[in-house]
Amino acid sequence: MAEALKAGRDLALRPLKLRDARALFALVESNRERLRTWLPWPDANRSVQDSRAYILRMRALAKAGRGLSFGLWWKEELVGVAGFVWLDALNASAGIGYWLAQEAEGHGLMTRAVEALLRHGFRSLGLNRIEIRAGVRNHRSRAIPKRLGFRHEGTLRQAERLAGRTVDHAVYGLLAVEWRRR
Ligand SMILES: CC(C)(COP(=O)(O)OP(=O)(O)OC[C@H]1O[C@@H](n2cnc3c(N)ncnc32)[C@H](O)[C@@H]1OP(=O)(O)O)[C@@H](O)C(=O)NCCC(=O)NCCS
């Protein structure tokens, strides 16, 4: 089981456990419409059972060293998910993904969570490159890598199918050497 990461006094990143499935599903359910605007999976997550299956998939990915996802607990309440949605050990690269419940937006929580992921990725996992992709019009998401000193590397055209439309992705990258210089 992966370790938990601290992101300040009131925010912790902990690997999701099966006992979190009910709370996770409740969060998806109450944020479904805004999540499906920018994420491809909410339509396939329709029950606590689906959330259990998701947690098991994340656990298997972590065991295989191919991903590392965490629940975000703010003041001990589950408010979202963030993590390395893919990890490529051969190339020492990873991609970060995230989402927050609406009531947790606007407090800088995800920026802090991503900072904790960067520390873990560059220091403990020995990564050389960390990437974040966001829909070009997903301004709240794009603000996070911008705030954290990522470089905007370009646009992937028609990269994702979302709720009946196809969106371009803005790609942001941060290298270990750049992170250490900040
Ligand atoms: C993307 C998402 C996680 C961003 O959430 P967020 O709350 O805007 O991001 P942060 O937690 O970093 O908070 C930044 C906000 O907190 C404010 N803030 C307060 N204290 C802050 C601090 N100490 N540091 C940074 N920001 C702070 C910022 O001003 C900003 O608010 P503003 O945009 O109203 O100015 C959220 O909008 C979301 O889950 N969206 C739906 C799913 C999604 O799009 N996922 C990403 C797919 S690529």
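Residues numbered from 1 in each chain as written. Predicted model: local features only at pLDDT ≥ 70, side-chain atom pairs only at ≥ 80, totals over all residues. Heavy atoms only, no water.

**Considering the site of the ligand**
In the neighbourhood of the ligand, 21 residues make up the surrounding shell, with L100, E105, G106, M110 and T111 lying closest. At a separation of 2.8 Å, an oxygen atom of the ligand approaches a polar backbone atom of L100. Within the backbone of G106, an N or O atom sits 2.8 Å from an oxygen atom of the ligand. For the ligand, the protein covers 71% of the area, taking 940 Å² as the surface of the free molecule. Among the elements of the structure, α1 (21–38), β5 (93–100), α3 (109–124), β6 (129–135) and α4 (139–147) are those that each provide at least two residues to the shell around the ligand. Looking at the shell around the ligand element by element, the count peaks at four residues for α4. (Near = heavy atom within 4 Å. Polar contact = N/O pair within 3.5 Å; in protein donor to acceptor, adjacent residues only side chain to side chain. Areas by Shrake-Rupley, 256 points an atom, 1.4 Å probe, with all protein chains shown as cover. Helix = DSSP H or I, 4+ residues; strand = E, 2+ residues; numbered from the N terminus.)

**Let's talk about α3**
When the terminal C-alpha atoms of α3 are compared, their 22 Å separation across 16 residues agrees well with the 22 Å that a helix rising 1.5 Å per residue should span. Turning to α3, its buried residues are L109, M110, T111, A113, V114, A116, L117, L118, H120, G121 and F122. G126 sits one or two positions beyond α3 and adopts a positive phi of about 70°. (Expected span 1.5 Å × (residues − 1). Buried < 20%, exposed > 50% of the residue type's maximum accessible area, 1.4 Å probe, protein only.)

**Quick look at the pairing of strand β8 (residues 165–175)**
Where β6 meets β8, seven bridges bridge the pair, whose relative direction is antiparallel. When the sheet's bridge partners are listed, R133 is paired in β8 with V171. Here strand β7 (residues 151–162) pairs with β8 via eight bridges, running antiparallel. Bridge pairing in β8 links T155 to A170. The hairpin formed by β7 and β8 contains two residues between the paired strands, and A163 there has a positive phi angle of roughly 40°. (Pairing = 2+ DSSP bridges.)

**Points about the pattern of salt bridges**
Under the definition given, this model contains 12 salt bridges. With its nearest N and O atoms 2.9 Å apart, the salt bridge here joins E105 to R34. Placement of E105 in the loop between β5 and α3 and of R34 in helix α1 is noted, with a sequence separation of 71 residues between them. For E105, a relative accessible area of 28% gives the class partly exposed. With a shortest N-O distance of 2.8 Å, E131 and R129 are connected by a salt bridge. Salt bridges sharing common partners tie together E33, R36, D43 and R46. (Salt bridge = Lys/Arg side-chain N within 4 Å of Asp/Glu carboxyl O.)

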